[in-house]
Amino acid sequence: MAIPGNMLSAASESMDPTFTGWRPRLNCSLLSGTGGRNGPKVLAVKSNAAGDAQAETVTGYPVTAGQTYQVFADTSSATEAERIGLEWLDDTYTPVGSMLWSLTTASASASWHRVGVAGAAPMGATRVRIVLSSTAGGAAVNHFWENVYLGEPIRTVGNLFSFGTESSEIGTAGWASEVNATISRQAPMVSWAVDWYWAGGEVLAVAATAAGNAAVVSVESPAVTPGVEYQAYAYLSPPTTGSATWIELRYYDGAGTQISATRAPLAPTSTGYQRQRVSAIAPPTAAKARMAVGIDTASAGQILRLEQAVIAAAPVIQAGSVLPYADASFEQGVAGWTKTAGVATIARSTPWGAYAFDGSYALTITSTTATASTIRSAKFPLAGPGGGLGFRLRFAVNASAGGWTVVQGIRWYNAANTDLGLTFFPSAPVPASGWWSMGTDQTAPAGATQAAVELALTATATNSVLRVDRFALWQALPTLAVEAKEATASVTVTARELAVASLLRVYRATASGARTLVRGAAGLLDGTVVITSDLMVIEDYEAPLATPVSYTVEIIDPVTGAVESRTVSRVTIPHDDRNLAWLKDPGNPQRNMQVMVQRAPDWQRPVEQSAYVVRNRRNKVILSGRRQGLEGDLAIWTLSDEERDGLHWLLDSGNVLLWQAAPGMGVSDMYVNVSQVEEGRTGGTAMETMRTWTLPLTEADMPVTTGVNGSAGRTWIDVVAEFATCADLLNTYATCEDLFLDHRMG
């Protein structure tokens, strides 16, 4: 699978079907090997003699001086360590500045492991070449490479940290020692998944200077919004499984004074890399946040390693859920949960990854006797007055020992914290093994403004153990809703409570029963699109004007193929002025515009024909191909300079467009290609802004693979984390649209 944003071709990245993009540089020959993960083939660098063996890309890839570039690859060798480098070049392919090398890996490893480095292109550099290097102990020693990336740094979308703090590929400047610690970079042999692109070759190493507690803290302190829940996480590799390592999310006020700190200890299952999470709501006076990591009671010289440091908005368990992430997923402890009755005990599961439906931990309830116990969450505010509204509770359970029955309930409170009582679903048994979903729908009593989740649990055997995870409590809204938007001639389809990891298919239907697939970010939503969130908002810009349409959303089980179908009542996009039509770019709806029609086309339908005269026969023999689609000239007006600029912007791409006219005008919605355009003046003074246009149209098929362009989750948070000033943006993006879509110059 091609790495997103890679400057290398698919063949040079994966070495499939062969390594045409690579050549020997020093002391080696190149062969095509097998056993790859990014395709079956790999590049084998075979040494000619003992010493450094190097391969390089045939071409130099264009770069911009001052911008940061990242390179990484997966590699394997049972006998040699390796490194990867970037050679900066000018337009004549003459080296510029110093070679940028990664650290040499700590030792050899026959398992696939990552090497990488990142750095800024020096002044004068216009191109860059990748160099792969390994030190052979003799002749005919093979070193294997694949999955090579070169491009902009790959960072976590939504991370408040810049790439230099998230990753150690550039250096250690993003971190500072807080107590009893030294900071360095190391290049251990870490086997990441072939499609996990957020880990490089270097990791941050935190070494305890002396025996005792050791900690480091991020230098960056990105801005946060009070009342918003944030999550910090990083991959931690502890020195031993008994080490007390931790991650901490800290909030500071505008003067830089620390307000709070929330810590999550890692319960390691090994000394490998394990993602530890911690979350907390920003206090009312919070202005900034930092991440800290450390080891308690460390021995002198013990090392904690860190990879992929992130502070971002906490994940949403279920759209609209009132439970914070800490109380829903138990990544740092039991949060606000308490036992209110019975003998059961509650604790976070251990070790890391042993029991979890979300994240890496679950809440563990243990009862030594076959009796009843009650556990309750903290109470949380509802979104507005909840009285009379329906709410839905869902969570996952796993009976890992003994047996259990559960009464699922919601306890309600008013604004004065007065208990308004419990509404519940009667007792139900927990299935014997595996994770199962449980839940209930309840109506909030009058005056309810807060709620707590309450479970009455009865162990049916001594020493019973129950794991619960991924709690969500939200107002039950329609699972499918539509809204027509006249200003954009579009329909917004909102689908709630989708099954994550299932497949999605969405149809639009007219009164005649004709169905058309709706377009999404990756193309038509045709049943191959994987659902990644329980809430999806689809903007359909291709729905017909002034015509009732309905929508059907199908949720498809990827294993069984079973289909859950939801259909919503009809909706109509208003369109009152018959003199106006829409020209739309299916992949770039921000360019869509209304135009005034001067004259609809007089259509032609060409056909390929060959005529043959047969001797002694009166009529010619005609061989015809299939008659082609409609062709004709659409004459329109633009009334202002803004409309004229907008039409140029729409036509610039040369993409297939959608022409939509009002019903009853004798023209159906049509996908068209527009050839050479004529723009003319309408007479009058030179200052007259009205223009007449002739658009030669050729009917086209509906684009199938074109997706609706968007920011792909990228927000201003990512822009602020990457760029220090507006001038930096001007040097990187040509237009505001390029900034929105992250289309960088060069």
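Let us look at the structure shown here. Predicted model, so just to flag it, every value in this text is computed and none were measured. Residue numbers restart at each chain and count upward from 1, following the sequence in its written direction. Owing to the predicted nature of the model, reporting of local features is limited to residues with pLDDT of at least 70; listing and counting of side-chain atom pairs is limited to 80 or more, with chain, interface and lining totals taken over all residues. Only hydrogens and water are set aside when side-chain values are computed; all heavy atoms of the structure are taken into account.

## Quick notes on the overall build of the protein
To keep things clear, this is the line we draw: Each helix is a run of DSSP H or I of at least 4 residues and each strand a run of E of at least 2, with the numbering of both proceeding from the N terminus. Categorising residues by exposure relies on relative accessible area from a 1.4 Å probe, with only protein chains included: less than 20% of the type maximum marks a residue as buried, more than 50% marks it as exposed, and the intermediate range marks it as partly exposed. Should any heavy atoms of two residues lie within 4.5 Å, those residues are counted as being in contact. For the purpose of charge, His is not counted, nor are the chain termini; Lys and Arg are scored as positive and Asp and Glu as negative. Just so you know, the charge point we use is NZ for Lys, CZ for Arg, CG for Asp and CD for Glu.
Scanning the protein for helices and strands turns up seven helices and 51 strands. With respect to the three principal axes, the spread of C-alpha positions in the protein is 100 × 80 × 60 Å. When each of the 746 residues of the protein is scored for burial, the buried share is 47%. Residue pairs at least 24 apart in sequence account for 73% of intrachain contacts in the protein once pairs closer than 6 positions are excluded. Measuring between centres, the 51 positive side-chain charges of the protein sit 5 Å from its 65 negative side-chain charges.

## Quick look at the pairing of strand β16 (residues 229–237)
Test applied: We call two strands paired when DSSP finds no fewer than two bridges between them.
Among the nine residues of β16, nine are classified as buried, and the element is accordingly described as predominantly covered. In terms of strand pairing, β16 meets strand β19 (residues 274–281) through eight bridges, oriented antiparallel. Bridged to Glu 229 within β19 is Ile 281. Bridge count for β16 against strand β21 (residues 303–313) is seven bridges, and the pairing is antiparallel.

## Some points on the sheet that holds strand β12 (residues 175–179)
For clarity, the cut-off: For helices, the fitted axis covers only the stretch in contact; all axes are lines through C-alpha atoms, and the angles between them, taken along N-to-C directions, range from 0 to 180 degrees.
One open sheet accounts for five strands, arranged β12-β15-β20-β17-β18; its pairing is antiparallel. Looking at strand neighbours, the two that pair on one side only are β12 and β18 (258–265), the edges of this open sheet. Each neighbouring strand pair of the sheet contributes to a mean axis angle of 25°, computed without reference to strand direction. Direction of pairing for strand β17 (residues 244–252) relative to strand β20 (residues 288–298): antiparallel, over a ladder of nine bridges.

## Concerning the sheet that holds strand β24 (residues 363–367)
Taking strand neighbours across the sheet as the criterion, the five strands line up as β23-β24-β32-β27-β30 in an open arrangement whose pairing is antiparallel. The open sheet is flanked by β23 (345–348) and β30 (436–443), the only strands paired with a single partner. Averaged over neighbouring strand pairs, the angle between their axes works out to 30° when direction is ignored. Here β23 runs beside β24; their pairing, made up of four bridges, is antiparallel. Bridged to Thr 345 within β24 is Thr 366.

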